[in-house]
Amino acid sequence: MGLFQKTSFTTLVVGVFVVYVLHTCWVMYGIVYTKPCQRPRRDAGGGCISPYLAEKPRLQLSIYTSVKPNANGGHSLVFKVDDFDVHSRFERTVNVSLPKKTRNNGTLYTMVFVHQAGVSPWQDSRQVHHVAQLTTYMLPKPPEVSLISGEEEVRVTEALVSASDKPVSHWRSRLTLNVVSEDFTFDREALPSDVHRYLRVFQNGKKMMYLPLLFIDELSNRVKDLMVCRASTTELPLTISYDTISLGKLRFWIHMQDAVYSLQQFGFTEKDADEIKGIFVDTNLYFLALTFFVAAFHLLFDFLAFKNDISFWKKKKSMVGMSSKAVLWRCFSTIVIFLYLLDEQTSLLVLIPAGIGSVIEVWKVKKAFKIQMLWNGMKPSFLFGKLDESEKRTEEYDTQAMKYLSYLLYPLCIGGAAYALIYVKYKSWYSWLINSFVNGVYAFGFLFMLPQLFVNYKLKSVAHLPWKAFMYKAFNTFIDDVFAFIITMPTSHRLACFRDDVVFLIYLYQRWLYPVDRSRVNEYGVSYDEKPTAKDHKD
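Note that the coordinates shown come from a computational prediction; the quantities given were computed from them, not determined experimentally. (Residues numbered from 1 in each chain as written. Predicted model: local features only at pLDDT ≥ 70, side-chain atom pairs only at ≥ 80, totals over all residues. Heavy atoms only, no water.)

(A) Representation of the overall build of the protein chain. If you tally the helices and strands in the protein chain, you get 14 helices and 17 strands. For the protein chain, buried positions account for 43% of its 539 residues. Long-range pairs, those at least 24 residues apart, make up 77% of the contacts in the protein chain between residues at least 6 apart in sequence. Element-wise, carbon and sulfur atoms account for 60% of the exposed surface of the protein chain, whose accessible area totals about 31000 Å². (Helix = DSSP H or I, 4+ residues; strand = E, 2+ residues; numbered from the N terminus. Buried < 20%, exposed > 50% of the residue type's maximum accessible area, 1.4 Å probe, protein only. Contact = heavy atoms within 4.5 Å. Areas by Shrake-Rupley, 256 points an atom, 1.4 Å probe, with all protein chains shown as cover.)

Dropping the structure here:
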């Protein structure tokens, strides 16, 4: 009955996952596909809304800046295209003068107009415009220093004194514009709600027409493109990019942009939102769809691996065949990675799961070394359990493997830390220490999987391993390989994804090489040949 309940729970999770994926696909189809108006054009009711661009009007693009979003405080023309062709993409860089208010930690807005050529946008009744911020507020990046160079200490001290915890104005150096160029006819009674606020309709005789759909792509505003607005800076460059966009992609982009805005209203910083923007901006729509499916399966396997891993260690009674050094290393490495992410002010989306993983690894160490914590008043004391003969033999093999591994690992880690200390700049000694540890984890962490391989080889058995959790983690490793090509990530992390594949393949080879021996103990410290103490039941 217990096995049936476990199987039912897993089946329920997989069923919910399938329903979630199908529902998401249906929602995405509803966003990307818009049903055109199919009523006859001679319909006196005017049920269709035709595009103004179908009339081939002469248009002009004008871009202004202002310290207020309504331009009441005055506006300045920074860029214009007299004969604006919506089908021709371009990219131009202009220098924008910063008002005194903006230089003093203020805000600057841009107003983008598409209007009739030769007519002032302020007087054109058939103009469409949108307002966006050219500045945003962020905490300044802490200065990085050479920890052993005495020449930079004076400049570093001055920089640290001038640095502040107060958010300062940063310049968005890119402005990305899009116009829907396709001749799409809307049905007035079935207008998509997401496009409705971008739609400006006017009466042209008996026909209803809508002005060009102008869109300012704020997802393209990345943290890496931001520049600090200093009081001494009078001009800053602005790269203006224009391209056409399909209606389906426009609707999808509107939903994603609104989602990012909602996260910022809930307290996400500009850097937190940038992590999400990178998923959409750095990949095309096909890769984005692949990313969604890959992420969905990654989430499923993560949950199943977590469930089986906790179940395995909860029932674990013996460390026979298990490398306790590898468990200790995994605990150390997850804590180091968590502290590194905390030092780098990483997004909470990454930081919280890393923190939970660190707590779980500490719990595994407690189970592996049979640690008991006793309290004598306010003073804790720790008791370590004793090993039986089989566990002592496993510990002997484990120690032997770590001895051979230390000859290679320690010189590499010490050499890498010394090289970084001399040639790389850091915020503090703590930052250098954490970066040295995390670089060692990323570069040589897979070597600590090798003692378990050595123990398997000596015992000629793999029956003691948590194979369910292992296989789910193996699937996730190969999924990470796909992410390594799709998502922007540090090179060290990308290499870490591929190096794990080799070790997992060796584990699979050992699984084939050492078939299950029923006389050996399994992962719960018992053998198949032992008579069960519980009552027999049918699976």
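(B) Summary view of the environment of Thr 102. Position of Thr 102 relative to the elements: it lies in helix H2 (residues 100-103). Look at Thr 102 and you get buried, because its relative accessible area is 0%. Each C-alpha atom, one on Thr 102 and one on Ser 66, is 9.8 Å from the other, the two residues being 36 residues apart in sequence. Leave out the neighbours within four places in its chain, and Thr 102 touches Val 67, Thr 107, Leu 108 and Thr 135.

(C) Region of interest: the packing of aromatic side chains. Taken as a whole and judged by the stated rule, the model has 14 aromatic pairs. Aromatic pair Phe 79 and Phe 90: ring centres 6.0 Å apart, planes at 35°, arrangement tilted. With Phe 79 in strand S3 (residues 76-84) and Phe 90 in strand S4 (residues 90-97), this pair connects stretches of sequence that are eleven residues apart. Given a relative accessible area of 14%, Phe 90 falls into the buried group. When the centroid spacing of 5.2 Å and the interplanar angle of 70° are considered together, the rings of Phe 186 and Tyr 210 count as edge-to-face. (Phe/Tyr/Trp six-rings, centres within 6.5 Å; stacked < 30°, edge-to-face > 60°.)

(D) Structural view of the UniProt feature "transmembrane region" (unreviewed entry) in the protein chain. As annotated in UniProt, the feature "transmembrane region" (unreviewed entry) corresponds to residues 12-32, 285-306, 327-342, 404-423 and 429-450 in the numbering used here. Annotation note: span residues 12-32, helix share 100%, strand share 0%, distance between end C-alpha atoms 30 Å. For the annotated span residues 327-342, helix accounts for 100% and strand for 0% of the residues, and the straight-line distance between the end C-alpha atoms is 23 Å. (UniProt positions renumbered as here; feature names shortened; annotations may be inferred.)

(E) Examining the sheet that holds strand S13 (residues 214-217) more closely. The four strands are arranged S4-S15-S9-S13 in an open sheet whose pairing can be described as mixed. Each end of this open sheet is capped by a strand with a single partner; those strands are S4 and S13. Pairwise comparison of adjacent strand axes, ignoring direction, gives a mean angle of 25° for this sheet. Looking at chain direction, strand S9 (residues 174-180) and strand S15 (residues 235-245) are connected through seven bridges and run parallel. (Pairing = 2+ DSSP bridges. Axes fitted to C-alpha atoms, helices over the stretch in contact; angles between N-to-C directions.)

(F) Quick look at the sheet that holds strand S6 (residues 128-133). What the four strands build is an open sheet, ordered S3-S2-S5-S6; its pairing is antiparallel. Each edge of the sheet is formed by a strand with only one pairing partner; in this case those strands are S3 and S6. Taking the axes of each pair of neighbouring strands and ignoring which way they run, one obtains an average angle of 15° across the sheet.

(G) Looking closely at helix H5 (residues 247-265). Between its terminal C-alpha atoms H5 stretches 27 Å, which fits the 27 Å expected from 19 residues at 1.5 Å a residue. Considered for burial, the residues of H5 that qualify are Leu 247, Gly 248, Leu 250, Arg 251, Phe 252, Trp 253, Ile 254, Met 256, Gln 257 and Val 260. (Expected span 1.5 Å × (residues − 1).)

(H) Geometry of the environment of Ala 132. Its location among the elements puts Ala 132 in strand S6. Expressed as a C-alpha distance, the spacing of Ala 132 and Leu 175, which sit 43 residues apart in the sequence, is 9.2 Å. Non-local contacts of Ala 132, meaning those with residues more than four positions away in its chain, are made with Tyr 109, Thr 110, Ile 216 and Glu 218.

(I) Molecular detail of the state of the cysteines. What the rule picks out here adds up to one disulfide. The disulfide partner of Cys 37 is Cys 48, and the gap between their sulfur atoms is 1.9 Å. Taking the sign of the S-S torsion, -65° for the link of Cys 37 and Cys 48, the bridge is left-handed. One end of the pair, Cys 37, is in the loop between helix H1 (2-32) and strand S1 (48-51); the other, Cys 48, is in strand S1, and eleven residues separate them in sequence. Cys 48 carries the same exposure label as Cys 37, and that label is buried. (Disulfide = S-S within 2.5 Å.)

(J) Quick look at the side chain of Arg 172. With respect to the element layout, Arg 172 can be found in strand S8 (residues 168-172). Residues within four places of Arg 172 in sequence aside, it is in contact with Gln 133, Leu 134, Thr 135, Thr 136, Glu 218, Asn 221, Leu 226, Leu 238 and Glu 270.

(K) Local environment of a nonpolar patch on the surface. On the surface, a nonpolar cluster with roughly 370 Å² of combined accessible area is contributed by Phe 9, Leu 12, Val 16 and Phe 303. Of all the elements, H1 adds the most residues to the nonpolar patch, at three residues. Structurally, Val 16 is set in helix H1. (Patch = residues over 30% accessible without salt bridge, like charges linked within 9 Å, V, L, I, M, F, W, Y side chains within 5 Å. Salt bridge = Lys/Arg side-chain N within 4 Å of Asp/Glu carboxyl O.)

(L) Quick peek at the pattern of salt bridges. Evaluation of the coordinates by the stated rule reveals seven salt bridges. Across the salt bridge formed by Lys 207 and Glu 55, the nearest N and O atoms sit 3.5 Å from each other. Note that Lys 207 is positioned in strand S12 (residues 207-210) and Glu 55 in the loop between S1 and strand S2 (59-66), a separation of 152 residues in sequence. Using a relative accessible area of 42% as the deciding quantity, one classes Glu 55 as partly exposed. Note that Arg 174 and Glu 91 form a salt bridge whose closest N and O atoms lie 3.4 Å from each other. Residue Arg 174 is located in strand S9, and its partner Glu 91 is located in strand S4; the two are separated by 83 residues in the primary sequence. In this structure Glu 91 comes out as exposed when scored by relative accessible area, which is 51%.

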